[in-house]
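Residues per chain, in single letters:
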Amino acid sequence: MARKIGTVHLVGAGPGAPDLLTLRAAAVLRRADIVFYDALVHPDTLALAQRAAKIAVGKRCGRHSTAQRFINKRLVDAAASHRTVVRLKGGDPLLFGRAQEEIAALKAAGVPFEVVPGVTAALAASAGLGVSLTQRGCARSVALVTARVGKGERENNWVRSAAGADTAVIYMGIGQSAGIARELIAAGVAPDTPAVVVENASLPDARHARLTVAELPRAATLGIEGPAVIMLGEVFASVAQTAVASVPPLAAMA
Ligand code: SAH
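Residues numbered from 1 in each chain as written. Predicted model: local features only at pLDDT ≥ 70, side-chain atom pairs only at ≥ 80, totals over all residues. Heavy atoms only, no water.

J.: Give me the overall build of the protein: which residues, what numbers.
T.: When you go through the protein residue by residue, the secondary structure sums to seven helices and 11 strands. When the 254 residues of the protein are sorted by exposure, 48% land in the buried category. Restricting the contact set of the protein to residue pairs at least 6 apart, pairs at least 24 apart contribute 70%. (Helix = DSSP H or I, 4+ residues; strand = E, 2+ residues; numbered from the N terminus. Buried < 20%, exposed > 50% of the residue type's maximum accessible area, 1.4 Å probe, protein only. Contact = heavy atoms within 4.5 Å.)

J.: Before we move on, can you summarise the pattern of salt bridges with the specific residues and values?
T.: Here the structure, examined in full by the defined rule, presents seven salt bridges. When the shortest N-O distance is used, the salt bridge between Asp33 and Arg51 registers 2.9 Å. Here Asp33 is found in the loop between helix 1 (23–30) and strand 2 (34–37), whereas its partner Arg51 is found in the loop between helix 2 (43–47) and strand 3 (53–56), with 18 residues between them in sequence. Overall, the relative accessible area of 54% leaves Arg51 in the exposed class. One salt bridge in this structure joins Asp77 and Lys73, with 2.7 Å as the shortest N-O distance. Taken as a pair, Asp77 and Lys73 lie in helix 3 (residues 68–81) at a separation of four residues, close to a single helical turn. You can call Asp77 partly exposed: its relative accessible area is 39%. (Salt bridge = Lys/Arg side-chain N within 4 Å of Asp/Glu carboxyl O.)

J.: Explain helix 4 (residues 99–108) to me, and be specific about the residues and the numbers.
T.: Of the residues making up helix 4, those classed as buried are Ala99, Glu102, Ile103, Ala105 and Leu106. Along helix 4, the residues classed as buried sweep out an arc of 160° about the axis, all on the same side. Along helix 4, the residues that are exposed and aim more than 90 degrees away from the buried face are Gln100, Lys107 and Ala108. Looking at the residues trailing helix 4, positive phi occurs at Gly110, about 70°. (Arc of directions from axis to C-beta.)

J.: Would you mind going over the packing of helix 3 against helix 4 in detail, with residue names and values included?
T.: For the pair helix 3 and helix 4, interaxial distance at closest approach is 9 Å and the crossing angle is 45°. The orientation of helix 3 with respect to helix 4, classified from their angle, is oblique. Of the two elements, helix 3 crosses helix 4, and the hand of that crossing is right-handed. Each of Gln68, Ile71, Asn72, Leu75 and Val76 in helix 3 lies in contact with helix 4, whose residues at this interface are Glu101, Glu102, Ala105 and Leu106. Here the contact of helix 3 with helix 4 is built from residues that sort into five nonpolar, two polar and two charged. (Axes fitted to C-alpha atoms, helices over the stretch in contact; angles between N-to-C directions. Parallel < 35°, antiparallel > 145°, perpendicular 65-115°, else oblique. Left-handed = near helix turned anticlockwise from the far one by under 90°. Nonpolar A, V, L, I, M, F, W, Y, C, P; charged D, E, K, R; others polar.)

J.: Go over a nonpolar patch on the surface with me, naming the residues and quoting the values.
T.: Together, Phe96, Val142, Leu144 and Met172 make up a nonpolar patch on the protein surface, roughly 290 Å² of accessible area in all. As for its placement among the helices and strands, Met172 is situated in the loop between strand 7 (167–171) and helix 7 (177–186). What makes Met172 partly exposed here is its relative accessible area of 37%. (Patch = residues over 30% accessible without salt bridge, like charges linked within 9 Å, V, L, I, M, F, W, Y side chains within 5 Å. Areas by Shrake-Rupley, 256 points an atom, 1.4 Å probe, with all protein chains shown as cover.)

J.: Got a sec to walk through the environment of Glu102? Specific residues and values, please.
T.: Residue position: Glu102 is located in helix 4. The sequence separation of Glu102 and Ile71 amounts to 31 residues, and the corresponding C-alpha distance is 7.8 Å. Looking at Glu102, its side chain comes within polar contact range of the side chain of Lys89, at 3.2 Å. (Polar contact = N/O pair within 3.5 Å; in protein donor to acceptor, adjacent residues only side chain to side chain.)

J.: Which residues make up helix 3, and what are the values?
T.: Along an α-helix, residues three or four apart share an orientation, since each turn contains 3.6 residues. Helix length check: helix 3, at 14 residues, gives a terminal C-alpha distance of 21 Å against a target of 20 Å (1.5 Å per residue), a fit within 8%. Those residues of helix 3 that are buried lie in contact with strand 1 (7–12), strand 2, strand 4 (84–89) and helix 4. (Expected span 1.5 Å × (residues − 1).)

J.: Summarise the site of the ligand; cite the residues concerned and give the values.
T.: Near the ligand, the surroundings consist of 16 residues, among which Pro15, Asp92, Leu95, Thr120 and Ala228 are the closest. In the model, a nitrogen atom of the ligand is placed 2.9 Å from a nitrogen or oxygen of the Ala201 main chain. Between the ligand and Ala228, the relevant distance is 2.7 Å, taken from an oxygen atom to a main-chain nitrogen or oxygen of the residue. With the chains in place, 90% of the 550 Å² that the ligand exposes on its own is no longer accessible. Shared between two domains, the shell around the ligand holds at least three residues of each, these being domain 1 (7–116) and domain 2 (121–249). (Near = heavy atom within 4 Å. Domains from an automatic or database assignment.)

Set out below in structure tokens:
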């Protein structure tokens, strides 16, 4: 087995805006020898890694993806010949980012690793709207969920978590918004519960639409091309409702 000289840093790039990066993430990028990055990472963030070889391994639904097992292997191999290996992921690396599989592979190969957290999409969307996900007197719990079930994965009970929390943020859900609305309502969520779809949170082209849970199927017709979260709960009652009859476009965030 090749001698291990490097450490793999699993780094959160934040939700999109390059200045929503931690100082620790910026420091490790500056000294990186090689960076494996995801599709959603901003070019300015990547540019911090001045001396590094930069390798795209991103996965975006519907587009070409590099098989996860292959990424795991590349990380292990890179650590044999590079001192500072960075695996750069959008948002927080440990939230819906398949980082655990990479960590397992690194552990199995005896490669040291470190995780640098990042600002996850839910928090960027909350900040953009100026709405607290845990507004006092209204919400004491937040669920971060995805309705997506990968091939060969156990069915998940996302709807129970989403329906049971005061505020829920659904990742990777736009393409399935009709099914999501149906399941939420079947699980007891009131159809008129406020829901917000936020696209490109933290970026200059961030947009949002304020709907209700019953109106969520419209999310598929909003012309959303960037990453987007669906958020629901009473805390969003204060967000002005979007005239869904006239969509698109979505309202600009600012
Ligand atoms: N690790 C990431 C999530 C990766 S899954 C994080 O912590 O944010 C990818 C999903 O994240 C997208 O489908 C979308 O639901 C959400 N997402 C990522 N960036 C976003 C952004 N800037 N605005 C809204 N949603 C975003």
